[in-house]
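# Inside the fold
Read off the chains here:
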Amino acid sequence: MNILDILLQQSPALIVATPLLGAFLTPLIGKLGYNVRNIFIIIILAVTAFLVFLLASDVFSGNIHTYVFGGTTSTVLSNTVIRILFEVDGLSIFMAIITVILSLAAVIYSWAFMREETGQDKYYTLLLLMTTGMFGMVLTGDLFNFFVFLEITSIASCALIAFWTHKAKAVEAAFNYMVISTIGALFVLLSIAFLYGKYDALNIAKLASRITPVSFSFIDKLSLILLLAALTMKAGIAPMHMWLPDAYGRAPASISIILVGATQASLYGVFRICFTLYGNVIQIPEVSLGWIMVILGLITMLIGVFMAMIQIDFKKLIAYGALAELGYMFLGVGTGLTILSNPQLSLASNSFALQAMKGGIFHIINDALDVGLLFLVAGAVYYATKESSLNNLGGIARNMKYTTVFFLIGLLAVSGIPPMNGFASKLLIYESVYQLNPILAIIAILASIMLLAIMVKVFYSAFLGPKIDRFQDIREAPKSMLIAMGILASLIIFFGLFPDLIVNTLVEPAVKAITHPTSYILWLTGGV
Amino acid sequence: MDIGTVSITILTVIFGAIGVTLFGIIIGLLYKGIDRKIAAHMQGRVGPPIRQPFLDVIKLFVKENIVPDNAIPWVFHLAPIIGLIASITILLYLPIGGFPAVLDGIITSKGDLILLLYLLIIPSLALVTGGFSSGSPYAIVGAQREMATMIAYEFPLAIIIVTIAWRLSLMQNVSHVFTLSTITSIPLWNILGPLGFIGMILLLLTLIIVTPAELSKIPFDAPEAETEIAGGLLVEYSGRNLAMFYLTDAVKTVAMGSIIIALFFPYNLSPILSMNGYPAYIIDFLFYLLKLFLVILFSVTLIRVGVARLKIDQIVYTYWVPLTLLALIGLICIMWDQTIMTQFGIPSVVEILGLT
Amino acid sequence: MFEQLLKTFDTGNGYWNPLVWGFAFLIIFLIIYILRGRGNPSYKRGTEQTKVFLSGNPEYENKELLHVKASNLYWGWVESTKWVINTLKKMHTGRANDYILWFTFMIAIFMLLLGVI
């Protein structure tokens, strides 16, 4: 057994443990100096990235990877013993890849972006904790464990949103976020308690195998509702989205980009619950979540674009744009769920449902890259000019050429203009959801055009226009920030030029994971 | 995919690109001339000669290419080029006359309606970016109006495109319904019943009113509005950059006209006259030019001479309320058509007229 | 691998091949660039020519005043969708109480839709 095999076997635990260890070592290493600490953190995340891709290569070959803390799979099987269990399938690893890309970009970006700030040790510790929480959320196979990691993510991100404590609005946004996420998490805990009380299990796979149409009752429905409401709120789905633009907009840019990942981890929770935890009862007519998801997606999209149209704060505007993007994911996956949950329709004869889900899932990673890039650009503009209101900016394309080009790439990608990556996923969504109802595709197209208008407005008012004396001497963003933006921009272009490759390698396994929940559930009896 | 296919693909793209560029620019300018001549006659003027647009372009090439102080030079120069290229690439996906689209044959890169919708955005986007980058208040006002107009007309346009694809997706054994070659091979007029026929007419009407906005012609030319904002987003452009925008407009007219033809009038003369070979190509191409002329006459010339310019908020209102409603009624008619046809056994319009 | 890179993206309802489009774009770019190169590239720098056109009015000393502010953009669109935007603005109060209220509201909606109450 060579070292790679051992690493692969232990990787689910290591992916979470490495950043956690890094988080607690950071204050110590911080004593050694600025550069040492930053290199240490980048190495920590690079190691994590290596482990994620190692695990991904195994999961993409069709395996579901499990890891039981302090035991073997048979330990979990017995009723009396409770063990934390990590279960990694296509969807989990897909989300883990997003998390690792975003956090790496954020850390590289922070090198220069945070140089002037005090309290950097705390910043990096919290950042790594937040990453740990996100990895835990997407990799865990245990419902209570999911709640724990959800809380870790919330607490760390809450503190990071308020990182600029001298700004009253940042503190306010953090407070609102804290209230929202605590209440949401309590409801998650409550419904976990309901489920535990009824089924005597916390393991997602075990619970899912016990929630059957026969056993399905009031308690299951109530838990489903509470879980769904709390997690959609944490994912920022309208009309429970109001915390999101504030939180995204007031946090430092390098945190906003990780927050994108954190909301998507909650989105992952929604999908996991709808498709896997309630996978056996998906066809009970009362649990017709598909249309609810679709409608919520449409509302989110429209509210996002309408509100973004009138924003004048750079980052808040992008945050509303990100909100609209969330709607597309819900629209795509919801369409798939509608067909899956209808006992009269089969997935085979309605291949559009599969395509819609592919589009929705593909859009998750595209959104992370596009919106992430835009946030980083917004941060770079703030770094150079110390202005965040679009009304006070103008003409900085003269001084910041690379940043302008990166913004342009982000603009085209987020509004889905060919040949960027956003176009590929939106094309998949448009060309499948119309079969459920033509109106869905029409509204999706409209929202994407409005997104274009919104981003063009930013492009004009921040980058174009006559020379402004105040900005005569501003300089291009520092190298580390350009590198972080460059990584995201090149990924955007790569995804845009080879959509077929990405869909086949990354997205297909994730879609398979949610359309075939039985393989996730049945590893218990099937054995690994 | 072996090396032979790849090299044939590359050659097709190269020659197709050259051919389409020439075709788009020449036909576009020619129709611009015809349009101006007819408009002049309708207003009781003699009008310029038909070759006037060619002369205009040549003259613009001779003129100085001024870059204003307030402009961001690289954006200012790049915008017109990108716009022109994007509008030419649209033609690569469109069937022209009896010829299939350039990219149809060897590779499976057929034209896709959603793709065309987005490619049509790029020239407008280039125009907007160019206007914004020139740093003149007039240009900026014009550019933001163009963007608002764009949001406005995409709504009914999206309804038209999705409706047609949706109706095709109901048919048996039809896949890839957004592909233009599928749409042109099954004209919807042939399969719809009376109700759907009315719906189709409503959609066509909407598309004809969307076209002038897509091409920023009166009554939807608030972005350029010579009388109030002095040419709007083009105010700072001159010389060869302006010529690029002039050509973009010409090519876009051909592209938009060809899309209308492909969606609504994909018929050719040669099957009716039972011709084949070269004569068929020639007669189909001439017939295509005639169709294009009629489309431009009705959607551009007649409307632009007949009515006055709307205010920008009126434009948004026009598209989002009356025209969207019109298109939605069309959509509903077409959605109900299938049910009503099967329920009451009503034959399709073509069968009623005995044309099959 | 090479073949996979060249494959057309098939959505089941349409095709999209970015590489072919990009290649065609490059070819046309070359043609247009050559065509454009035949035009006159010169202009008189620093003269009256390059001043902004303001219908003969003098240009402001402070150029920032020439920059149309972000909040003034898309007037026509905002004007004709005022009622939507004003309703939405009222929804976004920015108070945590209201956020929780919306959350409760959504739970109620879910309960109604899933038939719990």
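Residues numbered from 1 in each chain as written. Chains lettered and ligands numbered in written order. Predicted model: local features only at pLDDT ≥ 70, side-chain atom pairs only at ≥ 80, totals over all residues. Heavy atoms only, no water.

The next point concerns the overall build of chain C. On a plain count of helices and strands, chain C comes out with five helices and two strands. Going residue by residue from the N terminus, the α and β elements of chain C occur as α-β-β-α-α-α-α. Since a compact globule built from 117 residues should have a radius of gyration of about 13 Å, the 28 Å found for chain C marks it as more spread out than a globular shape. Considered along the principal axes of its C-alpha atoms, chain C spans approximately 75 × 60 × 25 Å. Per-residue burial over chain C gives 41% buried out of 117 residues. By element, 63% of the accessible surface of chain C is carried by carbon and sulfur atoms, the whole surface being about 6700 Å². Side chains of chain C give 12 positive and 8 negative charges; the mean places of these two sets differ by 4 Å. (Helix = DSSP H or I, 4+ residues; strand = E, 2+ residues; numbered from the N terminus. Rg over C-alpha atoms; globule rule 2.2 N^0.38 Å. Buried < 20%, exposed > 50% of the residue type's maximum accessible area, 1.4 Å probe, protein only. Areas by Shrake-Rupley, 256 points an atom, 1.4 Å probe, with all protein chains shown as cover. Lys, Arg positive; Asp, Glu negative; His and termini not counted. Charge placed at Lys NZ, Arg CZ, Asp CG, Glu CD.)

Once that is clear, we can look at the overall build of chain A. Looking only at helices and strands, chain A features 21 helices and two strands. Taking 528 residues into account, the globule formula puts the C-alpha radius of gyration at 24 Å, and chain A, at 22 Å, falls close to it. For chain A, the spread of C-alpha atoms along the principal axes amounts to about 70 × 60 × 40 Å. Relative to its 528 residues, chain A shows a buried fraction of 69%. Within chain A, contacts between residues at least 6 apart in sequence are counted, and of these 81% link residues at least 24 apart. (Contact = heavy atoms within 4.5 Å.)

Contact with chain C, which involves 49 residues of that partner, is made by 64 residues of chain B. Both sides together, the interface formed by chain C and chain B hides about 5100 Å², and carbon and sulfur atoms give 68% of it. Taken together, the connections running from chain C to chain B amount to zero salt bridges. The tally of links between chain C and chain B comes to eight residue pairs in polar contact (both at pLDDT 80 or more). In terms of residues, the side of chain C that touches chain B owes the most to one element, helix α2 (residues 18-37) of chain C, which gives 13 residues. Of the residues contributing to the side of chain C that touches chain B, the split by class is 25 nonpolar, 15 polar and nine charged. (Buried area = accessible area lost by both parts, 1.4 Å probe. Salt bridge = Lys/Arg side-chain N within 4 Å of Asp/Glu carboxyl O. Polar contact = N/O pair within 3.5 Å; in protein donor to acceptor, adjacent residues only side chain to side chain. Nonpolar A, V, L, I, M, F, W, Y, C, P; charged D, E, K, R; others polar.)

This paragraph deals with the pattern of salt bridges. Tallied over the entire structure, the rule returns 14 salt bridges over all chains. Measuring nitrogen to oxygen at the nearest pair gives 3.3 Å for the salt bridge that ties Glu387 of chain A to Arg470 of chain A. With Glu387 of chain A in the loop between α14 (351-385) and α15 (401-414) and Arg470 of chain A in the loop between α17 (438-463) and α18 (479-497), the pair connects residues that are 83 residues apart, well separated along the chain. Judged by relative accessible area, Arg470 of chain A falls into the partly exposed class, the value being 44%. We note a salt bridge from Asp249 of chain B to Lys32 of chain B, for which the minimum N-O separation is 2.4 Å. With Asp249 of chain B in helix α9 (residues 239-264) and Lys32 of chain B in helix α1 (residues 3-42), this residue pair connects regions lying 217 residues apart in the sequence. Each member of the pair Asp249 of chain B and Lys32 of chain B is classed as buried.

Take the interface of chain C and chain A next. The interface is formed by 48 residues belonging to chain C together with 72 residues belonging to chain A. A buried area of about 5300 Å², summed over both sides, lies between chain C and chain A, and 76% of it is on carbon and sulfur atoms. The largest contributions to the chain C side of the interface with chain A come from Tyr99, Phe103 and Leu114 of chain C, which together make up 14% of the buried area. For the pair chain C and chain A, the interface holds zero salt bridges.

Phe271, Phe314 and Ile361 of chain A, Phe264 of chain B together with Trp77 of chain C are the most contacted members of the largest nonpolar core, which totals 372 residues. Per element, the largest residue contribution to this core is 21 residues, and it comes from α17 of chain A. (Core = buried A, V, L, I, M, F, W, Y, C linked by side-chain atoms within 4.5 Å.)

Turning our attention to the pairing of strand β1 (residues 65-68) of chain A. Residues and elements named next belong to chain A. The alternating pattern of β1 places His65 and Tyr67 on one face and Thr66 and Val68 on the opposite face, and all of these are buried. The pairing of β1 with strand β2 (residues 85-88) spans four bridges and is antiparallel. Bridge pairing in β2 places Thr66 opposite Glu87. (Pairing = 2+ DSSP bridges.)

The topology assignment puts Gly142 of chain B in helix α5 (residues 137-169). In the structure, Gly142 of chain B is positioned 10 residues away from Phe132 of chain B in sequence and 8.6 Å away in space, judged by C-alpha atoms.

All names here are of chain B. Turning to its location among the elements, Gly193 is positioned in the loop between α6 (180-185) and α7 (194-214). A relative accessible area of 0% places Gly193 in the buried class. Between the C-alpha atoms of Gly193 and Asp69, which are 124 residues apart in sequence, the distance is 61 Å. Apart from the residues lying within four places of it in its own chain, the contact partners of Gly193 are Asp337, Met341, Pro347, Ser348 and Val349.

Residues and elements named next belong to chain A. Counted according to the given criterion, the structure contains 42 aromatic pairs over all chains. Ring geometry for Phe314 against Phe407: centres 6.1 Å apart, planes inclined by 80 degrees, an arrangement best described as edge-to-face. On the criterion of sequence distance, the pair formed by Phe314 in helix α13 (residues 314-340) and Phe407 in helix α15 is long-range, its members being 93 residues apart. Residue Phe314 is classed as buried on the basis of its relative accessible area, which comes to 2%. (Phe/Tyr/Trp six-rings, centres within 6.5 Å; stacked < 30°, edge-to-face > 60°.)

Right, let's talk about the packing of helix α3 (residues 73-92) of chain B against α9 of chain B for a bit. Residues and elements named next belong to chain B. Running from N to C, α3 and α9 cross one another at 20 degrees; their axes reach a closest spacing of 9 Å. One way to sum up the angle between α3 and α9 is to call them roughly parallel. Between α3 and α9 lies a crossing of left-handed hand. For the pair formed by α3 and α9, the contact residues are Phe76, His77, Ala79, Pro80, Gly83, Leu84, Ser87, Ile88, Ile90 and Leu91 on the first element and Asn241, Met244, Phe245, Leu247, Thr248, Val251, Val254 and Ala255 on the second. Tallied by class, residues from the contact of α3 with α9 come to 13 nonpolar, five polar and no charged. (Axes fitted to C-alpha atoms, helices over the stretch in contact; angles between N-to-C directions. Parallel < 35°, antiparallel > 145°, perpendicular 65-115°, else oblique. Left-handed = near helix turned anticlockwise from the far one by under 90°.)

What follows is about the packing of helix α10 (residues 243-250) of chain A against helix α11 (residues 253-277) of chain A. Residue and element names in this part refer to chain A. Where α10 contacts α11, the axes come no closer than 8 Å and their chain directions differ by 145 degrees. For the element pair α10 and α11, the recorded crossing hand is right-handed. On α11, the residues that touch Trp243, Leu244, Ala247 and Tyr248 of α10 are Ser256, Leu259, Val260 and Thr263. For the contact of α10 with α11, the per-class residue count stands at six nonpolar, two polar and no charged.

Quick look at a nonpolar patch on the surface now. Residue and element names in this part refer to chain B. Residues Leu11, Phe15, Ile18, Leu22 and Ile26 make up a contiguous nonpolar surface patch of roughly 490 Å² in combined accessible area. Following the sequence through the fold, Ile26 ends up in helix α1. With a relative accessible area of 44%, Ile26 lands in the partly exposed category. (Patch = residues over 30% accessible without salt bridge, like charges linked within 9 Å, V, L, I, M, F, W, Y side chains within 5 Å.)

Note that the residue after Ala238 of chain A, namely Pro239 of chain A, is joined by a cis bond; omega there is -5 degrees. Tracing the chain through its elements places Pro239 of chain A in the loop between α9 (218-235) and α10. Of the consecutive residues Pro418 of chain A and Pro419 of chain A, the connecting peptide bond is found in the cis state with omega at 5 degrees. For Pro419 of chain A, the position within the fold is in the loop between α15 and α16 (421-433). One non-glycine residue, Lys386 of chain A, lies in positive phi territory at about 60 degrees. Relative to the elements of secondary structure, Lys386 of chain A occurs in the loop between α14 and α15. Despite not being glycine, Tyr74 of chain C has its phi angle at roughly 55 degrees, a positive value. Topologically, Tyr74 of chain C is positioned in the loop between α2 and α3 (75-80).

A word on the environment of Trp77 of chain C. Looking at the element boundaries, Trp77 of chain C is found in helix α3. On the accessibility criterion, Trp77 of chain C (0% relative accessible area) is buried. Distance from Trp77 of chain C to Ile109 of chain C, taken between C-alpha atoms, is 32 Å for residues 32 residues apart in sequence. Ignoring any residue separated from it by four or fewer positions in sequence, one finds Trp77 of chain C in contact with Phe306, Met309 and Met450 of chain A, Ala148, Ile151, Val316 and Trp320 of chain B together with Ile85 of chain C.

Turning our eyes to something else, we now look at the confidence of the model for chain C. Per-chain confidence: chain C averages 82 in pLDDT, with 96% of residues scoring 70 or above. The least confident element of chain C, judged by mean pLDDT, is helix α1 (residues 2-6) of chain C at 69; the most confident is helix α5 (residues 96-113) of chain C at 89. (pLDDT = per-residue confidence, 0-100.)

With that out of the way, let us pick up the side chain of Ser258 of chain B. All names here are of chain B. Topologically, Ser258 is positioned in helix α9. In this structure the side chain of Ser258 is engaged in a polar contact, spanning 2.7 Å, whose partner is the side chain of Tyr288. Apart from the residues within four sequence positions on either side, Ser258 is in contact with Leu94, Tyr288 and Leu292.

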